[in-house]
Protein chains: 2
Amino acid sequence: MVSKKTAAADTVDAKPRPLTRIQKEKQDIILEAALEVFSLHGFRGATIDQIAAQAGMSKPNLLYYFPKKDEIHRRLISELLVTWLAPLAEFDEDGDPFTEIRSYIRRKLEMARDFPRESRLFANEMLQGAPRVSEMIEVDLKNLVDEKAKVLLTWMEQGRLARTDPYHLIFSIWATTQHYADFDVQVRAVLGKDRNGEGRFEDAARYLEQLFMHGLTPKARSAGKA
Amino acid sequence: MVSKKTAAADTVDAKPRPLTRIQKEKQDIILEAALEVFSLHGFRGATIDQIAAQAGMSKPNLLYYFPKKDEIHRRLISELLVTWLAPLAEFDEDGDPFTEIRSYIRRKLEMARDFPRESRLFANEMLQGAPRVSEMIEVDLKNLVDEKAKVLLTWMEQGRLARTDPYHLIFSIWATTQHYADFDVQVRAVLGKDRNGEGRFEDAARYLEQLFMHGLTPKARSAGKA
DNA sequence: AGAAATTTTGACCAGTTGGAAAAATGTTAG
DNA sequence: CTAACATTTTTCCAACTGGTCAAAATTTCT
């Protein structure tokens, strides 16, 4: 009764059965396809048939590797969260505030460019109230942000960074960078064909750097009234 | 064959039949319910049954007013877009740049607070590649933004605003404000119970003002090195 | 090669979903 | 009151969905 099916079912089984190379490959193909479909249609909007088609296999075959739709999604999300938190974790207390913030922004922007599907998968989950990751964001994410907020506060107290709300600071970085992945259609539509070439990414990076470093105040009156 | 059904079917009919007050009321109830459900689950994720339940009526009864699920969604989206573009349209060339931008940010932030479902409905649509509103954003939205970008450019040339990319400037306002509606769960989770009271909104407003006015550079060296 | 294990396929199913048809129940004007 | 119209409910259905299962095809191991 243990090994009627061999491939995936080793979630919490006695004999984890090492996972053949072929199984790993197929699983990766499926996860890749699922990422594509889930990120576009959300969990409920995506069908196993679609994912199977995208993965180039039949539905029952896919279900042989992942017996539950749920589980594909869960795997994607949990893998994603690791990737997603990594850049923030790199934030270094001993570095220069502006260098650290600038490179964090850049890394996040690169992620929006290079992993837009991951970003959208995450956004979909958030939009729907994060039913599948609530614990993850209430514990892991919160702790990490709390920690980094403390670092920011230290910098502010040392006068090396403008005194402001560290949490909202982090939110604004997330928002501005992920926007380019999540609202890609809108960005493309508004920028029009011309402004959409390779320069787009650099334009965004340059603008965000300006925004976070100096805001919109023109040089002439940087330290002006009030 | 014209009037077998009377209520909704007047999309492009000969006799638009004035729409009784009762019909208008019921339609509004349905749209309100649909907004709730669509904004949470996306188009495909939402079912007519759910919407009907939310609206307090039976599915066939709902279908009497909106014969197609599609149409409820379309109506919501098109009504939404008007509301959504209004604040940007108010942007006044003759005003003071900073006053205009600041009040635009505040209006958008208020909208994120007061109409989070609309924001999420819109976000859902964008995430999915805007299949139902592509024309709207490629024409109406683009034109409006082009126009306002020109205003921003003028201000920049007059030295009244930092020289930067006006399109990305607008994107960053959208991103930072809508973030509070679309990623509400995340924001709540990260802020924790304490920091989530009535002050939250004001904190965000204050932070964003600081960000857009001065960036993160501390006062002491506002106009520092190159 | 041949047995054993793994992978793939095809047929199938029960539950859900969007929607149609028609009967039943109001509602209103004459 | 009643005929005409508007609204609501009941019943039903075909397509789709997540998922099962046994048999067939393939790979792996000896």
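With an unreviewed UniProt entry as reference, chain A is termed TetR/AcrR family transcriptional regulator, source organism Devosia aurantiaca.

Trainee: Break down the overall build of chain A for me, with residues and values.
Mentor: Helix and strand counts for chain A come out as 10 helices and 0 strands. In chain A, the proportion of contacts linking residues at least 24 apart, taken out of those at least 6 apart, comes to 65%. Entry remark: accessible area of chain A is about 11,100 Å², with carbon and sulfur atoms responsible for 53%.

Trainee: Go over the packing of helix α6 (residues 116–127) of chain B against helix α8 (residues 166–182) of chain B with me, naming the residues and quoting the values.
Mentor: All names here are of chain B. Contact geometry of α6 with α8 gives a least axis separation of 8 Å together with a crossing angle of 105°. The orientation of α6 with respect to α8, classified from their angle, is roughly perpendicular. Along the contact surface, α6 presents Pro116, Ser119, Arg120 and Ala123, while α8 presents Gln178, Ala181 and Asp182. Its residues assigned to classes, the contact of α6 with α8 comprises 3 nonpolar, 2 polar and 2 charged.

Trainee: Explain the interface of chain B and chain A residue by residue, including any values.
Mentor: In this complex, chain B contributes 68 residues to the contact, which on the side of chain A involves 67 residues. With both sides pooled, the region where chain B packs onto chain A buries about 5,900 Å², and carbon together with sulfur makes up 66% of that total. Broken down residue by residue, the surface that chain B buries against chain A is led by Leu127(B), Val190(B) and Leu216(B), which jointly contribute 13%. Linking chain B to chain A there are 0 salt bridges. Our enumeration of links across chain B and chain A arrives at 12 residue pairs in polar contact (both at pLDDT 80 or more). Elements that contribute at least two residues to the side of chain B that touches chain A include exactly α1 (21–45), α5 (97–114), α6, α7 (134–157), α8, α9 (184–191) and α10 (199–214) of chain B. The element contributing the most residues to the side of chain B that touches chain A is α8(B), with 12 residues. When its residues are assigned to classes, the side of chain B that touches chain A shows 33 nonpolar, 22 polar and 13 charged.

Trainee: Hey, could you go over the relation of the copies chain B and chain A for me, with residue numbers and the actual values?
Mentor: Expressed as a screw transformation, the operator carrying chain B onto chain A has a rotation angle of 180° and an axial translation of 0.0 Å, and the superposed copies differ by an RMSD of 0.1 Å. This pairing of chains is accounted for by a two-fold axis. Nearest to the rotation axis, the C-alpha of Gly215(B) is located 1.8 Å from it, this being the minimum over chain B. The overlap is high: 99% of the interface residues of chain B also sit at the interface in chain A, so the same surface is used on both sides.

Trainee: Account for the protein's contact with DNA strand C, with residues named and values stated.
Mentor: Around DNA strand C, a shell composed of 19 residues is seen, among which Gln23(A), Lys26(A), Tyr65(A), Lys59(B) and Lys69(B) lie nearest. Within 4 Å of the protein, atoms of DNA strand C come from sugar and phosphate in 64% of cases. Here a phosphate oxygen of DNA strand C and a side-chain polar atom of Asn61(A) are 3.2 Å apart. Only α1 (21–45) and α3 (59–65) of chain A together with α3 (59–65) of chain B provide two or more residues apiece to the surface near DNA strand C. No other element matches α3(A), which puts 4 residues into the surface near DNA strand C. A breakdown of the residues in the surface near DNA strand C according to their chemical character gives 7 nonpolar, 6 polar and 6 charged.

Trainee: Provide a residue-level description of α9(B), including the pertinent values.
Mentor: Most of α9(B) sits inside the fold, with 6 of its 8 residues counted as buried. Check the buried side of α9(B) and you find it contacts α6 (116–127), α7 (134–157) and α8 (166–182) of chain A together with α6, α8 and α10 of chain B. Once α9(B) ends, the next one or two residues include Gly192(B), with phi positive near 75°.

Trainee: Report on the environment of Leu161(B), specifying residues and quantitative values.
Mentor: All names here are of chain B. Here Leu161 shows up in the loop between α7 and α8. Owing to a relative accessible area of 2%, Leu161 belongs among the buried residues under this scheme. Separated by 63 residues in the primary sequence, Leu161 and Phe98 have C-alpha atoms spaced 7.8 Å apart.

Analysis parameters
- Residues numbered from 1 in each chain as written.
- Chains lettered and ligands numbered in written order.
- Predicted model: local features only at pLDDT ≥ 70, side-chain atom pairs only at ≥ 80, totals over all residues.
- Heavy atoms only, no water.
- Helix = DSSP H or I, 4+ residues; strand = E, 2+ residues; numbered from the N terminus.
- Contact = heavy atoms within 4.5 Å.
- Areas by Shrake-Rupley, 256 points an atom, 1.4 Å probe, with all protein chains shown as cover.
- Axes fitted to C-alpha atoms, helices over the stretch in contact; angles between N-to-C directions.
- Parallel < 35°, antiparallel > 145°, perpendicular 65-115°, else oblique.
- Nonpolar A, V, L, I, M, F, W, Y, C, P; charged D, E, K, R; others polar.
- Buried area = accessible area lost by both parts, 1.4 Å probe.
- Salt bridge = Lys/Arg side-chain N within 4 Å of Asp/Glu carboxyl O.
- Polar contact = N/O pair within 3.5 Å; in protein donor to acceptor, adjacent residues only side chain to side chain.
- Least-squares fit on C-alpha atoms with pLDDT ≥ 70 in both.
- Near = heavy atom within 4 Å.
- Buried < 20%, exposed > 50% of the residue type's maximum accessible area, 1.4 Å probe, protein only.

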